[in-house]
Amino acid sequence: KSQGKRMLRERSSRTRHLIKCCFPLPRGTMLVCLAALTVVVEDSQAITAGFVGNAIHVNPDSRGAGRARRVRDWAVCSACKLYVLPGDPRASLAAEKLRDQLGECDVVFDAPATCNEASVFFGEDGRMELLREKEKAGAGFRSDLPDVLQNLCSSSTLQRDPLVKSLGKNVGRSLSIVDATGGFGHDSLRMACSGHNVTCLERDPVVYSFLADSVDRLRQDCPDLWHERMEAKGGSLHLLNSEAMSWLRAAVEEDVKVDIVYLDPMFPSSKHKSALPKRRMQWLREYLGPSAAATPQAEQEELQQLLDAAKRVAKKVVIKRADDGPVVGRPSSQIVSSKVVRYDVYVSS
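Keep in mind that what you see is a predicted model, and the values were worked out from it rather than measured.

The rules we used
- Residues numbered from 1 in each chain as written.
- Predicted model: local features only at pLDDT ≥ 70, side-chain atom pairs only at ≥ 80, totals over all residues.
- Heavy atoms only, no water.
- Helix = DSSP H or I, 4+ residues; strand = E, 2+ residues; numbered from the N terminus.
- Buried < 20%, exposed > 50% of the residue type's maximum accessible area, 1.4 Å probe, protein only.
- Contact = heavy atoms within 4.5 Å.
- Areas by Shrake-Rupley, 256 points an atom, 1.4 Å probe, with all protein chains shown as cover.
- Pairing = 2+ DSSP bridges.
- Axes fitted to C-alpha atoms, helices over the stretch in contact; angles between N-to-C directions.
- Salt bridge = Lys/Arg side-chain N within 4 Å of Asp/Glu carboxyl O.
- Polar contact = N/O pair within 3.5 Å; in protein donor to acceptor, adjacent residues only side chain to side chain.
- Left-handed = near helix turned anticlockwise from the far one by under 90°.
- Nonpolar A, V, L, I, M, F, W, Y, C, P; charged D, E, K, R; others polar.
- Expected span 1.5 Å × (residues − 1).
- Arc of directions from axis to C-beta.

A. Seen up close, the overall build of the protein chain. Of the regular secondary structure elements, the protein chain holds 12 helices and 17 strands. Counting all 349 residues of the protein chain, 51% fall into the buried class. Look at the contacts in the protein chain between residues 6 or more apart in sequence, and 62% of them connect residues 24 or more apart. Of the roughly 17,300 Å² of accessible surface on the protein chain, 51% is carried by carbon and sulfur atoms.

The structure is reproduced here in structure tokens:
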């Protein structure tokens, strides 16, 4: 409480929150947050910070204030405007629930003709739609999990899937898998439809809400296909709003063991490729904004920390990389490649 009283909370630009810590912070300090936060450590201390659901772990180091300024501009979770279809009770309820998770957030009861920033539209029956800048309601990205379940999760397709191959041959056995960077759930769904028990972690409350809504509707709209391609094979899919490092640290403390931890970091934008990424990734990059974690060096450091923690929890760690992306740490035990991505497999000692 004494430290909390010495914190100064201010509103920053673009409706983000800023907490200034005007006192030395011991390693491992946790700041519990009600909204997306950017943390700056004064007193010439630098930090490594990770968004942990509704908390941020602050670990002071000795690399100087320069790194602290970089972290200050790291938007782990940007502001997001919520649009709600007027007169739809389910849309209103879903928007209010998400606003409670985000803290202060603009809610507009209207179908936008155009957006000024990355936004979320709750349409008919509360269905979520992700809108990029200058997009209007009805033209945004909606869940494509039904297409994934229909086209990418048949037995014949999964047998050729490099992701499934990277999990290893486990005939008649369901593996316990933690997808620590769940995102929009495509990879989790494919692994679950391969007959495995998958726990999908997603740290961002907006992306998690979209994913949870997508999975719920997939179960309701395609119950027969869901049963045929997942449950009948012994697979399952569970969602959890949590940050990867936070979950891994807790698993180490509680001596939780799983078969595989899967990591799929968002690749840095390549200057050598002219093709635009898929619409969901365009929205995600616009929503998150410029990120220090998107630089190759920062990404490698973060991935190395995740890999080290995951090895203490899992028998095997699988990292999805761009085809020309650098290897994390020591060379992996196995590499499974496709045309545009590869899967680096690390076996825990």
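Back to the write-up after that little detour.
B. Region of the structure containing the sheet that holds strand β17 (residues 341-347). Read from one edge to the other, the open sheet built from 7 strands follows the order β13-β12-β11-β14-β15-β17-β16, with strand pairing classed as mixed. Every interior strand has two partners, whereas the edge strands, β13 (236-240) and β16 (334-337), have only one. Across the sheet, the mean angle separating the axes of adjacent strands is 20 degrees when strand polarity is ignored. Relative to strand β12 (residues 197-201), strand β11 (residues 176-179) runs parallel, the two being bridged by 4 bridges. Directly across from valine 178, in β12, lies its bridge partner threonine 199. Together, β14 (258-263), β15 (314-322) and β17 form the strand contacts of helix α12 (residues 296-311), whose direction differs from that of β15 by roughly 160 degrees.

C. Structural context of the pattern of salt bridges. As enumerated under the stated definition, the model contains 15 salt bridges in all. One salt bridge connects lysine 320 with aspartate 187, and the closest N-O pair in it is separated by 3.6 Å. Within this pair, whereas lysine 320 is found in strand β15, its partner aspartate 187 is found in helix α7 (residues 186-192), the two being separated by 133 residues in sequence. A residue is classified by how much of its surface remains accessible, and lysine 320, at 14% relative accessible area, is buried. Here arginine 342 ties to aspartate 344 by a salt bridge, and the two come within 2.8 Å at their closest N and O atoms. For arginine 342, a relative accessible area of 8% corresponds to the buried category. Judged by relative accessible area, which is 0%, aspartate 344 ranks as buried.

D. Geometry of the environment of serine 348. Looking at the secondary structure, you find serine 348 in the segment after β17. Separated by 33 residues in sequence, serine 348 and lysine 315 place their C-alpha atoms 5.2 Å apart. Not counting residues up to four positions away in its chain, the partners in contact with serine 348 are Lys311, Ala314, Lys315 and Lys316. Side-chain polar atoms of serine 348 contact the backbone oxygen of lysine 311, separated by 3.2 Å. At 2.6 Å, the side chain of serine 348 forms a polar contact with the backbone oxygen of alanine 314.

E. View of the packing of helix α3 (residues 89-102) against helix α8 (residues 205-221). Running from N to C, α3 and α8 cross one another at 145 degrees; their axes reach a closest spacing of 10 Å. Seen along the crossing, α3 lies across α8 with a hand that is right-handed. Together, Arg90, Leu98, Gln101 and Leu102 of α3 and Pro205, Val206, Ser209 and Arg217 of α8 make up the contact between the two elements. Here the residues of the contact of α3 with α8 sort into 4 nonpolar, 2 polar and 2 charged.

F. Quick peek at α3. Compared with an ideal rise of 1.5 Å per residue, which puts 14 residues at 20 Å, α3 spans 20 Å between its outermost C-alpha atoms and is within 8% of the ideal. Every buried residue of α3 is accounted for by Ala91, Ser92, Ala95, Leu98 and Leu102. For α3, the angular spread of the buried residues around the axis is 135 degrees, confining them to a single face. Exposed side of α3, more than 90 degrees from the buried face: Pro89, Leu93, Lys97 and Asp100 are the residues found there.

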